[in-house]
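Each chain, letter by letter, is given below.
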Amino acid sequence: MKFLHLVTLASAALALPSDSLASRQKKACTSPKVRKNWAKATSAEKKSYIDAVLCLATKPSRLRVSTHSTLYDDFGYIHAQLTEPQRIHGEPVFLPWHRYFVQVYEDALHSCGYTGAAMYWDWSADWAAPSKAAVWDPVLGFGGNGSDSADGNGPGKLRVADGPFRNLRPTYWNGAVDPHWLSRDWIPGFPADGQPEMIGNAYGPAIMDEVNSWTVYERFWPALESSPHGAVHAGIGGGRGDMSPVSSPNDPIFFLHHTMVDKVWWQWQQRSPGNRTFAYTGLRNDGKNATLNDVLPMLGLAPEGIVKDYMNTKGGVLCYTY
Ligand SMILES: *[C@@H]1O[C@H](CO)[C@@H](O)[C@H](O)[C@H]1NC(C)=O
Ligand SMILES: *[C@@H]1O[C@H](CO)[C@@H](O)[C@H](O)[C@H]1NC(C)=O
Ligand SMILES: *[C@@H]1O[C@H](CO)[C@@H](O)[C@H](O)[C@H]1NC(C)=O
Ligand SMILES: [Cu+2]
């Protein structure tokens, strides 16, 4: 890893004219891919995306940690490895690391024939009735809740009963080898108390207004990470679903969720691009201040990144918009 990092730095130093990083970045990204809302994508786009996800589970693992594992499993595996001990949550790197991770996934989908950009689930629009969202469609979506009667998993994991991913069999659970059928355990609502299912209140307008009201990065990222982000994970995963443990990328909805998290950050950056595109402040878990030169580990799934290359979605090494 250290080696890869040095190579990245060395090649960047060779390739970049030392004067203007900004103008070079602008030139490099002339036609950004536009990331779409799943609910507004065409049937053909959805089908192509779903087929590519299924294809990931037929490709060999790049990490080869377990003989069962596939390229699809690599995502849940490295997310778990980087969470225990914690290197990617609860500190400023949360947003750029997951931005890079979504891009690595999009690139992997391209290796499986998909030509579009990453897509997102706008949970902030569906908060009042999340279970009715288009993303859960049994044909052109990710299938729905887990079911007690969809057996095969045993207790503790509620197998998804319908949709194109009902036969998806992630290799890891919470970091350990534990092959199982894809699982979800949507948290019920409490209609008498006006509480939507899947903790929808925690990604409704009041919370989103609060998140968006922060003007400095070190207040914005923790607000976004905790309530909307964490609640969507817990609301889908409950106690018996793949979205709850640290292997959460096992559920393909993870990437639509994190693309939405990324979009909320992108919109925040766009509101004042002059001082927000490269706004990156706050304390790291090791007690030091975060810097734009901090590293984004990818454990061999992709090269190590550097935060500053992932702040601008139309520069550095990225080229997309919403
Ligand atoms: C999801 O399914 C589980 C198991 O049947 C059930 O307990 C839970 O209430 C369901 N969630 C929703 C939101 O329907
Ligand atoms: C960022 O720029 C905006 C618009 O120019 C300005 O209103 C705001 O005070 C600036 N914020 C910071 C933290 O510098
Ligand atoms: C972090 O930066 C702040 C200023 O933004 C400074 O006051 C503080 O001393 C720094 N902390 C460390 C551990 O370097
Ligand atoms: Cu994560």
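The numbers attached to residues start from 1 for each chain and follow its sequence in the written order. Here chains are named by letter from A upward and ligands by number from 1 upward, in the order in which they appear as written. Given that this is a predicted model, residues contribute local features only at a pLDDT of at least 70 and side-chain atom pairs are listed and counted only at 80 or more, while totals for whole chains, interfaces and linings are drawn from all residues. Only hydrogens and water are set aside when side-chain values are computed; all heavy atoms of the structure are taken into account.

- In the annotation of an unreviewed UniProt entry, the entry for the protein reads Tyrosinase copper-binding domain-containing protein, and the organism field reads Schizothecium vesticola.

**Side note on the coordination of the copper ion (ligand 4)**
Logical step 1: Around the copper ion (ligand 4), the protein contributes the donor atoms His79 (NE2), His89 (NE2) and His98 (NE2), which lie 2.0 to 2.1 Å from the metal centre.
Logical step 2: Any nitrogen, oxygen or sulfur atom within 2.8 Å of a metal ion counts as a donor, with the limit raised to 3.2 Å for Na, K and Ca, and since water is left out, coordination shells can look unfinished. For the copper ion (ligand 4), the single-chain donor residues occur in sequence as H-x9-H-x8-H. Taken together, the residues histidine 79 in helix α4 (residues 71-81) and histidine 89 in the loop between α4 and α5 (94-110) connect sequence positions 10 residues apart.
Logical step 3: Buried means the residue's accessible area, taken with a 1.4 Å probe over protein chains only, is under 20% of the maximum for its type, while exposed means over 50%, and partly exposed covers the values in between. Histidine 79 sits in the buried class, given a relative accessible area of 4%.
Logical step 4: Owing to a relative accessible area of 12%, histidine 89 belongs among the buried residues under this scheme. The way it works is that DSSP assigns letters per residue, a run of H or I at least four long becomes a helix, a run of E at least two long becomes a strand, and they are numbered from the N terminus.

**Examining the packing of aromatic side chains**
Logical step 1: Ring pairs are drawn from Phe, Tyr and Trp, using the six-membered ring of Trp, whenever the two centres fall within 6.5 Å, and their geometry is named by plane angle: stacked under 30 degrees, edge-to-face over 60, tilted for the rest. Considering all chains together, one arrives at 25 aromatic pairs under this definition.
Logical step 2: A ring pair is formed by phenylalanine 254 and phenylalanine 255, whose centres lie 4.9 Å apart and whose planes are at 65 degrees; its orientation type is edge-to-face. Exposure class is identical for phenylalanine 254 and phenylalanine 255. Each is buried.
Logical step 3: Only Lys NZ and Arg CZ are tested; either one counts as a charge over a ring when it is within 6 Å of the ring centre and within 35 degrees of the ring normal. Taking the ring centre of tryptophan 173 as reference, the NZ or CZ of lysine 157 above it sits at 4.9 Å.

**Considering the state of the cysteines**
Logical step 1: Cysteine sulfur atoms are paired as a disulfide whenever they come within 2.5 Å of each other. Scanning the model with the defined rule gives 2 disulfides in all.
Logical step 2: Here cysteine 29 connects covalently by a disulfide to cysteine 319, the sulfurs 2.0 Å from one another. Residues cysteine 29 and cysteine 319 are joined through a disulfide that is right-handed, its torsion about the S-S bond being 90 degrees. Within this pair, whereas cysteine 29 is found in the loop between α2 (21-28) and β1 (33-34), its partner cysteine 319 is found in the loop between β7 (305-306) and β8 (320-321), the two being separated by 290 residues in sequence.

**Here's the deal with the layout of surface pockets**
Logical step 1: We place a 1 Å grid over just the protein atoms. Points where a 1.4 Å probe fits but has no way out form a cavity, open points with protein on both sides within 12 Å along at least 5 of 7 lines form a pocket, and any residue with an atom within 4 Å of a point lines it. Grid points are joined across faces, edges and corners, and a volume is the space filled by probe spheres set on the points. The calculated volume of the second largest pocket comes to roughly 300 Å³.
Logical step 2: Contributing to the lining of the second largest pocket are 13 residues, with Arg87, Glu91, Arg284, Asp294 and Val295 lying nearest its centre.
Logical step 3: Here the nonpolar group is Ala, Val, Leu, Ile, Met, Phe, Trp, Tyr, Cys and Pro; Asp, Glu, Lys and Arg are the charged ones; every other residue, Gly included, is treated as polar. Partitioning the lining of the second largest pocket into residue classes produces 5 nonpolar, 2 polar and 6 charged.

**Looking at the pattern of salt bridges**
Logical step 1: Put simply, a salt bridge is a Lys or Arg side-chain nitrogen that is within 4 Å of an Asp or Glu carboxyl oxygen. Taken as a whole and judged by the stated rule, the model has 11 salt bridges.
Logical step 2: Between lysine 47 and aspartate 51 there is a salt bridge, and its shortest N-O distance comes to 2.9 Å. Here lysine 47 and its partner aspartate 51 are both found in helix α3 (residues 43-56), 4 residues apart, which amounts to about one turn of the helix.
Logical step 3: With a relative accessible area of 46%, lysine 47 lands in the partly exposed category.
Logical step 4: Where aspartate 294 meets arginine 284, a salt bridge forms, and the shortest distance between an N and an O atom there is 2.7 Å. Taken together, the residues span a long stretch of sequence, with aspartate 294 in the loop between α10 (273-276) and β6 (295-296) and arginine 284 in the loop between α10 and β6 at a distance of 10 residues.
Logical step 5: Residue classification places arginine 284 among the partly exposed residues on the basis of a relative accessible area of 22%.
Logical step 6: One network of salt bridges, with partners in common, ties together Arg35, Arg99, Glu106 and Asp262.

**Regarding empty space enclosed by the protein**
Logical step 1: According to the stated counting rule, one finds 1 cavity of 30 Å³ or more in the structure shown.
Logical step 2: Approximately 30 Å³ is the volume attributed to the largest cavity.
Logical step 3: Together, Leu95, His98, Arg99, His258, Val261, Asp262 and Trp265 line the largest cavity.
Logical step 4: Only α5 and α9 (253-270) provide two or more residues apiece to the lining of the largest cavity.
Logical step 5: Here the lining of the largest cavity gets 4 residues from one element, more than from any other, and that element is α9.
Logical step 6: Taken together, the residues of the lining of the largest cavity break down into 3 nonpolar, 2 polar and 2 charged.

**Describing the UniProt feature "domain: Tyrosinase copper-binding" (unreviewed entry) in the protein**
Logical step 1: The positions that UniProt labels "domain: Tyrosinase copper-binding" (unreviewed entry) are, in the present scheme, residues 89-106 and 251-262.
Logical step 2: The annotated region residues 89-106 carries 72% helix and 0% strand content, and the separation between its end C-alpha atoms amounts to 21 Å.
Logical step 3: With 83% helix and 0% strand, residues 251-262 has end C-alpha atoms that lie 18 Å from one another. UniProt positions are given in the numbering used here, feature names are shortened, and annotations may be inferred rather than shown by experiment.

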